[in-house]
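Chains, contacts and geometry: an overview
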Amino acid sequence: MKRLGAILVAVAMIVAAWWVRTSFIDDDSGGGNAGGERLDLLCGSELADVCERLAAEDDSLRVTVVDDGTTTDDLSVDGATAGFDAWLSAGPWPAIVADNRAAAGLRTDPLGGTSRVLGRSPVTLVGPIDRVEALEQHCGGTISWSCVGDVSGQAWSSLGGSPAWGAFRTGLTPVDTGGGLVALDQAVANRSGTTEWSTTELDDVSDWLSQLVGAATFSNDPLDVMLTRPGSFSLTAPLERRSGPAFGRAGTGNRFRLLYPEPMVTADVTLSAAAGEDVDDLLDRLGPERVARALTDGGWRLPGQRSPFTVGGSPELPTESGLTTPGALQALRTTVQEMRP
């Protein structure tokens with residue numbers, strides 16, 4: 001009997017030690033609630049890889065990936081409700097939702113609060129070295145969005161390049177993605193001469209913008225297309241989160257150039273809560289350290305930290321995103337969608 005009691009005591013000690021270890025010692029998730037109550041996380045397509053990393057560490061997360069522009073449209077109509085607990089987006093999308101609803105006179109907001117900026121990435125330009133050098137010479141030494149729009153659709157032979165290069169084409173990501181909208185905001189700001197451009201300036205540059213958009217090819221990952229098939233585009237405009245890691249691979253810098261066009265603008269990552277949810281509680285649920293690690297692994301800069309990349313100068317970021325107002329950005333989206341064939 002004594003022997004049986006000793007065995008039971010030993011088993012109890014082993015179970016207690018296992019519980020302490022799994023509950024306290026082995027948990028290096030940096031917060032979060034792995035295996036806890038399910039959380040529905042909606043992610044913009046620009047952040048699909050980040051959300052996949054989070055879900056891989058927390059099986060209670062249910063991740064859905066949708067273009068941020070699509071989510072914005074869904075939340076901007078009367079009677080809209082959030083079919084998620086939290087929305088991780090790249091760019092000014094929650095502000096556009098609020099502006100759209102205010103402009104339409106809609107009172108009930110499907111969103112709660114929005115977090116501080118969690119990650120940032122500026123727009124870059126990437127092109128084959130020979131084409132970049134020819135374009136620099138044609139543009140007077142510095143490649144600007146204004147010059148890119150002016151030459152869009154023209155034959156390279158008229159721009160000082162090889163006739164074999166065909167016509168000048170830019171590869172862009174769709175305007176319903178964070179990177180696509182931010183890049184075109186930068187383009188309009190450069191052409192109009194102000195980062196605070198309005199619908200008036202947008203109207204003024206409409207012919208130029210139509211030329212840029214009409215000669216462009218839109219795809220989900222134009223940088224990958226260019227790197228694998230260099231003749232596909234003359235230039236493309238990915239976020240640094242994509243171009244920085246690409247230039248860290250051997251050989252990329254020997255064939256392509258990376259530039260940081262002016263004025264610098266950034267796609268900033270935030271977490272928004274559904275109405276009735278607390279965004280700080282949701283961020284704690286995800287684990288701030290885990291989110292920061294996933295963003296860093298995805299190529300995003302953390303606020304206040306230097307760039308992990310050393311190509312193209314890797315300049316410091318401005319304190320703000322540099323984007324224009326939400327209303328003007330919505331007008332840009334609509335204009336570009338109407339211009340596309």
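In this report, the structure presented in the accompanying data block is examined. Everything numeric in this text was worked out from a predicted model, so none of it was measured.

Digging into the overall build of the protein
Along its length, the protein carries 15 helices and 11 strands. Split into buried and exposed, the 341 residues of the protein put 49% on the buried side. Contacts spanning at least 24 positions in sequence make up 75% of the contacts within the protein whose residues lie at least 6 apart. If you sum the accessible surface of the protein, you get close to 15,700 Å²; carbon and sulfur atoms cover 50% of it.

Focus: the layout of surface pockets
Considering only enclosed or pocket space, the largest pocket measures out at about 260 Å³ in volume. For the largest pocket, the lining is made up of 16 residues, of which Ser45, Glu46, Thr173, Asn220 and Asp221 are closest to its centre. Residue assignment for the lining of the largest pocket shows that the elements contributing at least two residues are α7 (178-192), α10 (222-228) and α11 (240-247). For the lining of the largest pocket, a count of residues per class yields 5 nonpolar, 6 polar and 5 charged. Taken together, 14 residues make up the lining of the second largest pocket; nearest its centre are Gly91, Val117, Asp268, Thr270 and Ser321. Mapped by element, the contributors of at least two residues to the lining of the second largest pocket are α4 (93-103) and β11 (266-274).

Comments concerning the side chain of Ser76
As for its position among the elements, Ser76 is in the loop between α3 (68-75) and β3 (86-90). Judged by its relative accessible area of 14%, Ser76 falls in the buried class. At 3.2 Å, the side chain of Ser76 and the side chain of Asn100 are in polar contact. In this structure Ser76 touches Val97, Asn100, Arg101 and Leu106, once residues within four positions along its chain are discounted.

So, the packing of aromatic side chains
For the coordinates displayed, the defined rule picks out 3 aromatic pairs. Measuring from ring centre to ring centre gives 5.4 Å for Trp156 and Phe168, while their planes differ by 50°; the resulting arrangement is tilted. Within this pair, whereas Trp156 is found in the loop between α6 (145-151) and β7 (170-172), its partner Phe168 is found in the loop between α6 and β7, the two being separated by 12 residues in sequence. The same class applies to Trp156 as to Phe168, namely buried. Joined through ring pairs, the aromatic side chains of Trp156, Trp165 and Phe168 make up one cluster. The ring of Phe218 carries the charged tip of Arg340 above its face, separated from the ring centre by 4.2 Å.

Some points on helix α5 (residues 129-138)
Within the sequence span of α5, burial applies to Arg131, Val132, Ala134, Leu135 and Glu136. For α5, the secondary structure elements touched by its buried residues are β6 (125-128), α6, β9 (235-236) and β10 (256-259). Gly140 sits one or two positions beyond α5 and adopts a positive phi of about 85°.

Let's talk about the nonpolar core
Grouped together as the largest cluster of nonpolar side chains are 76 residues, with contacts concentrated most on Leu41, Leu88 and Leu271. The biggest single contributor to this core is α7, with 7 residues. Those residues in contact with Leu271, other than ones at most four positions away along the chain, are Leu41, Ala86, Trp87, Leu88, Gly113, Thr114, Ser115, Leu118, Val279, Leu282, Leu283 and Leu286. Among the nonpolar cores identified, the runner-up in size contains 12 residues, and Phe233, Ala246, Phe247 and Tyr260 belong to it.

Observations concerning the pattern of salt bridges
Pairs can form between side chains of opposite charge once their charged atoms are near each other. Evaluated as defined, the whole model comprises 18 salt bridges. For Arg290, the salt bridge identified is with Glu57, shortest N-O distance 4.0 Å. Here Arg290 is found in helix α14 (residues 288-297), whereas its partner Glu57 is found in helix α2 (residues 48-57), with 233 residues between them in sequence. The salt bridge partner of Glu316 is Arg306, with a shortest N-O separation of 3.4 Å. Separated by 10 residues along the polypeptide, Glu316 in the loop between α14 and α15 (326-339) and Arg306 in the loop between α14 and α15 bring together distant segments of the chain. Judged on exposure class, the residue Glu316 and its partner Arg306 are both exposed. Among the charged side chains, a salt-bridge network with shared partners connects Glu57, Asp58, Arg285, Arg290 and Arg293.

Topic: the pairing of strand β2 (residues 61-65)
Pairing analysis gives 5 bridges linking strand β1 (residues 39-43) to β2, with the strands arranged parallel. Bridged to Asp40 within β2 is Arg62. Read from β1 through α2 to β2, the crossover connection turns out right-handed.

Digging into α14
Every buried residue belonging to α14 is among Arg290, Val291, Ala294 and Leu295, and all of these are buried. Seen end-on, α14 carries its buried residues on one side only, within an arc spanning 135°. Buried-residue contacts for α14 involve α2, β5 (119-122), β11 and α13 (279-286). Note on α14: the residue one or two positions beyond its end, Gly299, has a positive phi of about 95°.

Rules used throughout
- Residues numbered from 1 in each chain as written.
- Predicted model: local features only at pLDDT ≥ 70, side-chain atom pairs only at ≥ 80, totals over all residues.
- Heavy atoms only, no water.
- Helix = DSSP H or I, 4+ residues; strand = E, 2+ residues; numbered from the N terminus.
- Buried < 20%, exposed > 50% of the residue type's maximum accessible area, 1.4 Å probe, protein only.
- Contact = heavy atoms within 4.5 Å.
- Areas by Shrake-Rupley, 256 points an atom, 1.4 Å probe, with all protein chains shown as cover.
- 1 Å grid on protein atoms, 1.4 Å probe; cavity = no way out; pocket = protein on both sides within 12 Å on 5 of 7 lines; lining within 4 Å.
- Points joined across faces, edges and corners; volume = space filled by probe spheres on them.
- Nonpolar A, V, L, I, M, F, W, Y, C, P; charged D, E, K, R; others polar.
- Polar contact = N/O pair within 3.5 Å; in protein donor to acceptor, adjacent residues only side chain to side chain.
- Phe/Tyr/Trp six-rings, centres within 6.5 Å; stacked < 30°, edge-to-face > 60°.
- Lys NZ or Arg CZ within 6 Å of the ring centre and 35° of its normal.
- Core = buried A, V, L, I, M, F, W, Y, C linked by side-chain atoms within 4.5 Å.
- Salt bridge = Lys/Arg side-chain N within 4 Å of Asp/Glu carboxyl O.
- Pairing = 2+ DSSP bridges.
- Right-handed = clockwise from strand over helix to strand, strands pointing away.
- Arc of directions from axis to C-beta.

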